[in-house]
Amino acid sequence: MLSIKNLYVSIEGKEILKGINLEIKPGEIHAIMGPNGSGKSTLANVLAGKEEYEVTEGEITFMGEDLLEMAPEERALKGVFMSFQYPVEIPGVPMVNFLKTAVNELRKYRGEEELTAGEFLKLMREKKELVELDTQLTNRSVNEGFSGGEKKKNEIFQMALLEPKLSILDETDSGLDIDALKRVAHGVNALRNPENATIVVTHYQRLLEYIVPDFVHVLYQGKIVKSSGKELAFELEEKGYDWIKQENGL
Ligand code: ADP
Ligand code: MG
Ligand code: MG
């Protein structure tokens, strides 16, 4: 599904990612862990197509196509979804309109019939339950005045509506209390199927107790310095990141 080869990325002339290689197959969950500033969000943003990053070397293939050639909208239509570390508020744009437009644009792109207002509301009710999103929130502007937890739940709610192929969750756990964390994890797990894949970016192991990854990769100073199974997350929790640095002579 996703193949990243020898990826180098700079921002404002500073090299952040230094030769990333990553292969993700349908049905898999990959966790990207690592200390602050190691380049996790940079990697996530480059996949989503955020513009200020400069790819200086390497390639990314998504479903057999060159992802780097695609505009962010095209990536979204083809099934790349990004849940932001800091979801933006969009005052004046009601959630219902925003989401209905997104869902129907996607359906048009796939050659499917657009949903009527009634059909969309029904779909929204169904998906809202998945993350137990407060019913009132969908009557408000996108994320405006939402609590941290509500914003993160809202990201997963959007993911549920859009049914992406590749979801990238950037620190969806940050700022969540344990109940919201479980809700978010429940939503992600419920959406998992053999045809989609998820990248979970986090620097804590806690989320990975609930969203169990198939692979854990440690990103450090712009490089993946270690990849292993889910047990690596527990090892990191116990020992911190210092042993990884020592093992790699960093
Ligand atoms: P992480 O998500 O792992 O904490 P980031 O990808 O956010 O790391 O950041 C990696 C490095 O890139 C940091 O040193 C950060 O300061 C730098 N960086 C990220 N975004 C920008 C930007 N827009 N302008 C300048 N430097 C940036
Ligand atoms: Mg960070
Ligand atoms: Mg980050």
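Since the model is a prediction, treat every value here as computed from it, not as a measurement.

Novice: Outline the overall build of the chain, listing residues and values.
Specialist: Along its length, the chain carries nine helices and twelve strands. Computed over C-alpha atoms, the radius of gyration of the chain comes to 18 Å, within 12% of the 18 Å expected from 2.2 N^0.38 for 250 residues, which places it in the range of a compact globule. The principal-axis extents of the C-alpha atoms in the chain amount to approximately 60 × 40 × 35 Å. The contacts in the chain between residues at least 6 apart in sequence include a share of 70% that link residues at least 24 apart.

Novice: Can you break down the packing of helix α4 (residues 117-131) against helix α5 (residues 148-162) residue by residue, with the values?
Specialist: The packing of two helices is summarised by the inter-axis angle and the distance between the axes. Where α4 meets α5, the closest approach of the two axes is 9 Å, and the angle between their N-to-C directions is 135°. Overall, the two elements α4 and α5 adopt an arrangement that is oblique. The interaxial crossing formed by α4 with α5 has right-handed handedness. On α5, the residues that touch Leu123, Lys127, Lys128, Leu130 and Val131 of α4 are Lys153, Ile156, Phe157, Ala160 and Leu161.

Novice: I'd love a proper account of the nonpolar core, names of residues and values included.
Specialist: Ranked by size, the top nonpolar core spans 62 residues in total, and within it Ile168, Val184 and Val200 carry the most contacts. Once residues within four sequence positions are removed from consideration, Val200 is found in contact with Ile29, Ala31, Leu169, Leu207, Ile211 and Pro213.

Novice: Can you tell me about the sheet that holds strand β2 (residues 14-24), naming the residues and giving the values?
Specialist: The strand order across the open sheet built from four strands is β2-β1-β4-β5, with neighbouring strands paired in antiparallel fashion. The strands lining the two open edges of the sheet, one partner per strand, are β2 and β5 (65-66). Bridge count for strand β4 (residues 54-62) against β5 is two bridges, and the pairing is antiparallel. Along β5, the bridge assignment pairs Thr61 with Asp66. The strands touched by helix α1 (residues 40-48) within the sheet are β1 (2-11), β2 and β4, with β2 carrying the most contacts at an inclination of about 70°.

Novice: Which residues make up α4, and what values do they have?
Specialist: Relative to the 21 Å expected for 15 residues at 1.5 Å per residue, α4 spans 22 Å between its end C-alpha atoms, a close match to the ideal helical length. Looking at the buried positions of α4, the neighbouring elements they touch are α3 (95-109), α5 and α6 (178-191). Glu132 lies just past α4 and shows a positive phi near 50°.

Novice: Talk me through the confidence of the model for the chain; I want residue IDs and the actual numbers.
Specialist: Per-residue confidence for the chain gives a mean pLDDT of 92; residues scoring 70 or more make up 100%. With a pTM of 0.93, the predicted complex shows an ipTM of 0.95.

Novice: Please provide a residue-by-residue account of the pairing of strand β3 (residues 29-33), values included.
Specialist: Buried residues dominate β3, accounting for five of its five residues. Burial along β3 is two-sided: the face carrying Ile29, Ala31 and Met33 and the face carrying His30 and Ile32 are both buried. As paired strands, β3 and strand β10 (residues 197-201) are joined by four bridges and run parallel to one another. Bridged to Ile29 within β10 is Thr198. Looking at chain direction, β3 and strand β11 (residues 215-220) are connected through four bridges and run parallel. Bridged to Ala31 within β11 is Val216.

Novice: How would you sum up the packing of α3 against α5? Please name residues and give values.
Specialist: Packing of α3 against α5 leaves a shortest axis separation of 10 Å and a crossing angle of 30°. When the axes of α3 and α5 are compared, the pair comes out roughly parallel. For α3 against α5, the interelement crossing comes out right-handed. Between α3 and α5, the contacting residues are Leu99, Ala102, Val103 and Leu106 on the first element and Gln158, Leu161 and Leu162 on the second.

Novice: Please give an account of the UniProt feature "domain: ABC transporter" (unreviewed entry) in the chain that cites residues and values.
Specialist: Cross-referencing UniProt, the feature "domain: ABC transporter" (unreviewed entry) maps to residues 2-246 in the present numbering. Spanning residues 2-246, this segment combines 38% helix with 29% strand, and its end C-alpha atoms are found 30 Å apart.

Novice: Which residues make up the sheet that holds strand β12 (residues 223-228), and what values do they have?
Specialist: In space, the six strands of this open sheet follow the order β6-β9-β10-β3-β11-β12, with mixed pairing throughout. Edge positions in the sheet fall to β6 (80-83) and β12, since each of these pairs with one other strand and no more. Adjacent strand axes in the sheet meet at a mean angle of 20° when their direction is disregarded. With five bridges connecting them, strand β9 (residues 166-170) and β10 associate as parallel partners.

Scoring rules and cut-offs
- Along each chain, the written sequence defines residue order, and numbers are assigned to residues from 1.
- Here chains are named by letter from A upward and ligands by number from 1 upward, in the order in which they appear as written.
- With the structure being a predicted model, the display of local features is reserved for residues of pLDDT at least 70 and the display and counting of side-chain atom pairs for 80 or more, all residues being used for whole-chain, interface and lining totals.
- Helix numbers and strand numbers start at the N terminus; a helix is a DSSP run of H or I with at least 4 residues, a strand a run of E with at least 2.
- Each radius of gyration reported is based on C-alpha atoms, and the globular scaling rule is 2.2 Å times the count of residues to the power 0.38.
- It is the C-beta atoms, placed from the backbone, that decide contacts: two residues are in contact if theirs lie within 7 Å.
- All axes here are fitted lines through C-alpha atoms, helices being fitted over the stretch that makes contact, and every angle between N-to-C directions spans 0 to 180 degrees.
- Any angle from 65 to 115 degrees is called roughly perpendicular, while one under 35 is roughly parallel, one over 145 is roughly antiparallel, and all others are oblique.
- Each crossing gets its hand from how the near helix is turned against the far one by less than a right angle, where anticlockwise is left-handed and clockwise is right-handed.
- Here, a nonpolar core means buried Ala, Val, Leu, Ile, Met, Phe, Trp, Tyr and Cys residues linked by C-beta atoms lying within 7 Å of one another.
- Each residue is classed by its C-beta neighbour count within 10 Å, where at least 20 other C-beta atoms makes it buried, 12 or fewer makes it exposed, and intermediate counts make it partly exposed; the C-beta atoms are placed from backbone geometry.
- For two strands to pair, DSSP has to find at least two bridges joining them.
- The span expected for a helix works out to 1.5 Å for each residue beyond the first.
- As a per-residue measure, pLDDT tells how confident the predictor is, with possible values from 0 to 100.
- UniProt positions are given in the numbering used here, feature names are shortened, and annotations may be inferred rather than shown by experiment.

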